[in-house]
Amino acid sequence: MVLVGFAVGPEGSCLVLVPSRASRLRYPASLTTNSKRRLRTVLAADLLRSVVREPNRTDDRLDLWSSLESSGRSITQEATVVVSGGFAVPAGLRTAAHFADSWAWQKLVGALDLLPEVPNGETLIDVEWRIRRWYHSGRSPFSWTVDRDVPTTMGSIAQEAQGAENILAEDILSAIRQGLVDGLFSGESEISLSTLNRLLGAPVRDIRTAVRALTEDGLVTAARSDSVVVRIPSLDDVSETYMARRALGAIVVEQQADGAPAPDPG
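Residues numbered from 1 in each chain as written. Predicted model: local features only at pLDDT ≥ 70, side-chain atom pairs only at ≥ 80, totals over all residues. Heavy atoms only, no water.

### Some words on the overall build of the protein chain
The test is simple: What counts as a helix is a DSSP run of H or I of at least four residues, what counts as a strand is a run of E of at least two, and both are numbered from the N terminus. Categorising residues by exposure relies on relative accessible area from a 1.4 Å probe, with only protein chains included: less than 20% of the type maximum marks a residue as buried, more than 50% marks it as exposed, and the intermediate range marks it as partly exposed. The contact criterion used throughout is that any non-hydrogen atoms of two residues lie within 4.5 Å. Each accessible area value is a Shrake-Rupley result obtained with a 1.4 Å probe; residue values ignore everything except the protein chains displayed when judging cover.
Helices and strands together make up the secondary structure of the protein chain, namely nine helices and eight strands. For the protein chain, buried positions account for 38% of its 266 residues. Considering only intrachain contacts with a sequence separation of at least 6, the fraction spanning at least 24 residues in the protein chain is 71%. A total of about 15,000 Å² of accessible surface is found on the protein chain, and carbon and sulfur atoms cover 53% of it.

See the structure below:
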């Protein structure tokens, strides 16, 4: 299933998901750590419905359905519609689940984190960003529909695999960064692939592939075949780099003043 619509009004919230017939990768079988966090943000928006102003015109909440229709996504019986509170749905449209209050609605995270990362990961980035803007800009009813085509045919396995690898590499860096902040990791300590497996829930074989790409880019250093090390520059390293750049800058200024060509920084 892929998320195509979300709305929050004074009476409740609504999620619309449709089945995707696109090829599904073995990884990720479910949302990554960052996507799960974004999903929690989306669900938490329902906690604000008590402060959402009533729409100025008749049932603004139906904008969700008209937006889906105008984008060519006809809501059929195949769609899964989940609502909270008293969110209004068009006549004849069956809801898969109804949650009476906002706190019960939050329990959806346990089921929705099983959604495939591709393409829901990119979708959640967009809807979270728009929810944050909405939160800071006002309290009118919020309505969002996906603004890109959801794949419904078999796509290129190679392209999808490359996209998933990039997403996983990004999540590995985020997990390492958070681990350094939380004190779970320290500079020069080895981080095993099994540790990343526990943090991200991705298969070790896929983590190994993503780590290899990060190593080639110089973002991490391979300690052994099953672990990596994050090199954190010391104060001496930073000082030497700063002094070298300062010296090079002085040389460039002097040569430019003399009319000589500047040296190649490489």
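### What to know about helix 2 (residues 63-70)
Worth spelling out the cut-off: Directions are taken from the helix axis to each C-beta atom, and the arc is the one they span.
Those residues of helix 2 that sit buried are Leu64, Trp65 and Leu68. Buried residues of helix 2, seen end-on, are gathered within an arc of 95 degrees and therefore sit on one face of the element. Where helix 2 is buried, its residues contact strand 1 (2-9), strand 2 (12-18), strand 3 (80-84) and strand 5 (142-145).

### Considering helix 5 (residues 117-137)
Put simply, the rule is: By this rule, a helix spans an expected 1.5 Å times one less than how many residues it contains.
Between the first and last C-alpha of helix 5 there are 29 Å, a value that for 21 residues agrees with the 30 Å anticipated at 1.5 Å per step. Here helix 5 has its buried residues at Glu117, Pro119, Asn120, Gly121, Thr123, Leu124, Asp126, Val127, Glu128, Ile131 and Trp134.

### Some thoughts on the sheet that holds strand 2
As a reminder of what qualifies: Note on pairing: two strands pair once DSSP finds at least 2 bridges between them. Think of each axis as a best-fit line through the C-alpha atoms, taken over the contacting stretch in the case of a helix, with angles from 0 to 180 degrees between the N-to-C directions.
Strand order in the open sheet made by the five strands is 4-3-2-1-5, with mixed pairing throughout. Whereas interior strands pair on both sides, the edge strands pair on one side only; in this sheet they are strand 4 (97-99) and strand 5. Direction aside, neighbouring strands of the sheet carry axes that sit 10 degrees apart on average. In this structure, strand 3 lies alongside strand 4, joined through three bridges in parallel fashion. Paired with Ser84 across the strands is Phe99, a residue of strand 4.

### Overview of the pattern of salt bridges
It is possible for side chains of opposite charge to pair when their charged atoms get near one another. For clarity, the cut-off: The rule for a salt bridge is simple: a side-chain nitrogen of Lys or Arg has to be within 4 Å of a carboxyl oxygen of Asp or Glu.
Overall, the coordinates contain five salt bridges when judged by the stated rule. Residue Arg38 pairs with Glu128 through a salt bridge whose shortest N-O separation is 3.6 Å. Of this pair, Arg38 sits in helix 1 (residues 33-44) while Glu128 sits in helix 5; the two residues are 90 residues apart in sequence, bridging distant segments of the chain. Between Asp46 and Arg49 there is a salt bridge whose closest N-O contact spans 3.2 Å. By relative accessible area, Asp46 is classed as buried at 0%. A single network of salt bridges, built from pairs that share partners, joins Arg37, Arg38, Glu128 and Arg132.

### A word on the confidence of the model for the protein chain
Rules: The predictor reports its confidence for every residue as pLDDT, a score running from 0 up to 100.
The share of residues in the protein chain with pLDDT of 70 or more is 76%, and the mean pLDDT across the chain is 75. Long-range and interchain partners of residues 23-28, a stretch whose pLDDT sits below 50, account for 24 contacts in this model, where long-range means more than four residues apart. Low confidence marks residues 150-160, where pLDDT is under 50. Its contacts with residues over four positions away, or in another chain, come to 20 contacts.

### Structural notes on the sheet that holds strand 8 (residues 227-229)
Spatially, 6-8-7 is the arrangement adopted by the three strands of the open sheet, whose pairing is antiparallel. Each edge of the sheet is formed by a strand with only one pairing partner; in this case those strands are strand 6 (190-192) and strand 7 (221-224). Ignoring strand direction, the axes of neighbouring strands in this sheet form an average angle of 40 degrees. Pairing analysis gives three bridges linking strand 6 to strand 8, with the strands arranged antiparallel. The residue bridging Ile191 from the neighbouring strand is Val228, located in strand 8. Strands strand 6 and strand 8 of the sheet are contacted by helix 7 (residues 193-200), whose axis makes an angle of about 60 degrees with strand 6.

### Considering the packing of helix 7 against helix 8 (residues 204-216)
The test is simple: Oblique is the label for any angle not under 35 degrees, not over 145, and not in the 65 to 115 range, which are roughly parallel, roughly antiparallel and roughly perpendicular in turn. Each crossing is labelled by how the near helix is turned from the far one, with a counterclockwise turn of less than a right angle marking it left-handed and a clockwise turn marking it right-handed. Put simply, Ala, Val, Leu, Ile, Met, Phe, Trp, Tyr, Cys and Pro go in the nonpolar bin, Asp, Glu, Lys and Arg in the charged bin, and everything else, Gly too, in the polar bin.
The interhelical angle for the contact between helix 7 and helix 8, taken along N-to-C directions, is 110 degrees, at an axis separation of 9 Å. For the element pair helix 7 / helix 8, the angle class is roughly perpendicular. Remark: the crossing between helix 7 and helix 8 carries right-handed chirality. Of the residues in helix 8, those in contact with Leu193, Leu196 and Asn197 of helix 7 are Val204, Ile207, Arg208 and Val211. Looking at the contact of helix 7 with helix 8 residue by residue, the class counts come to five nonpolar, one polar and one charged.

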